[in-house]
Amino acid sequence: RREGDASGDSGDSGASGDEGGEDVLRAVRLGAFELRPWFFSPYPEPVCRAAAADNLLVCDRCFAFACSSSSFARHLAKCTMRAPPGQCVYADKDGFRLFRVDGQANREYCRNLCLFCKLFLDQKTLYYDVDAFYFYVLTVDEVVVGYFSKEKTMRPNRMPN
């Protein structure tokens, strides 16, 4: 995890452009962490416009997002997710757990996860077409610490993702 400084003052006046000319969000709050995104992520336009003036708020359990603290507080009050919505395929005594999440069965979770991760991965291209993939999500003591995706079945003449 990359945490911003406690003051939240980066010295710049707001969103800045990346190499593609799109605006990079100024800050994202994931749980207790304020993060400074490195790259553009195609969050819906109204979300990006509102978040440019403030932080984009992202739930650290389901990766749902909001711009206003009031709507985010309503989400947190209703969010019951304590683990990724998939099958636990590995667990150990140290608190490490790996979940296989089906992109088709858990489309919103996987799309939100991809949108969030795109803020930190320049070459991430998968946002909305998640149905053909499994997402392997690693948690430590119920906190998501990483993931990777894998195509469910290889199509002929295609390289794996």
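All values reported here derive from a predicted model rather than from experimental measurement.

1. A short note on the sheet that holds strand β10 (residues 143-151)
Overall, antiparallel pairing links the four strands, which are arranged β7-β8-β9-β10 in an open sheet. Of all the strands in the sheet, the pair left with one neighbour each is β7 (87-91) and β10. Direction aside, neighbouring strands of the sheet carry axes that sit 25 degrees apart on average. Lying on the sheet, helix α3 (residues 107-118) is in contact with β8 (96-102), β9 (133-140) and β10; it crosses β9 at an angle near 70 degrees.

2. Considering the state of the cysteines
The final tally for this structure, using the stated rule, is zero disulfides. In this model Cys79 remains outside any disulfide bridge; the closest cysteine sulfur is found in Cys62, 3.9 Å from its own. A relative accessible area of 9% places Cys79 in the buried class. Here Cys114 stays unpaired: no disulfide links it, and the sulfur of Cys110, its closest cysteine neighbor, is 6.8 Å away.

3. Topic: the pairing of β10
Taken together, the eight bridges between β9 and β10 define a ladder with antiparallel strand orientation. Looking across to β10, one finds that Tyr136 is bridged to Phe148. What sits between the antiparallel neighbours β9 and β10 is a turn of two residues, in which Asp141 has the positive phi angle 50 degrees.

Definitions and limits used
What you see as residue numbers is a count from 1 along each chain, following the sequence as written. Owing to the predicted nature of the model, reporting of local features is limited to residues with pLDDT of at least 70; listing and counting of side-chain atom pairs is limited to 80 or more, with chain, interface and lining totals taken over all residues. Only hydrogens and water are set aside when side-chain values are computed; all heavy atoms of the structure are taken into account. Note: two strands are recorded as paired if DSSP finds a minimum of 2 bridges between them. Secondary structure elements are taken from DSSP: a helix is a run of H or I of four residues or more, a strand is a run of E of two residues or more, and numbering for both begins at the N terminus. Each axis is a line fitted through C-alpha atoms, taken for helices only over the stretch in contact, and angles between the N-to-C directions span 0 to 180 degrees. It only takes one pair of heavy atoms within 4.5 Å for two residues to be counted as in contact. Throughout, a disulfide means two cysteine sulfur atoms within 2.5 Å of one another. The classification of residues rests on relative accessible area computed with a 1.4 Å probe and restricted to protein chains. Under 20% of the type maximum is buried, over 50% is exposed, and intermediate values are partly exposed.

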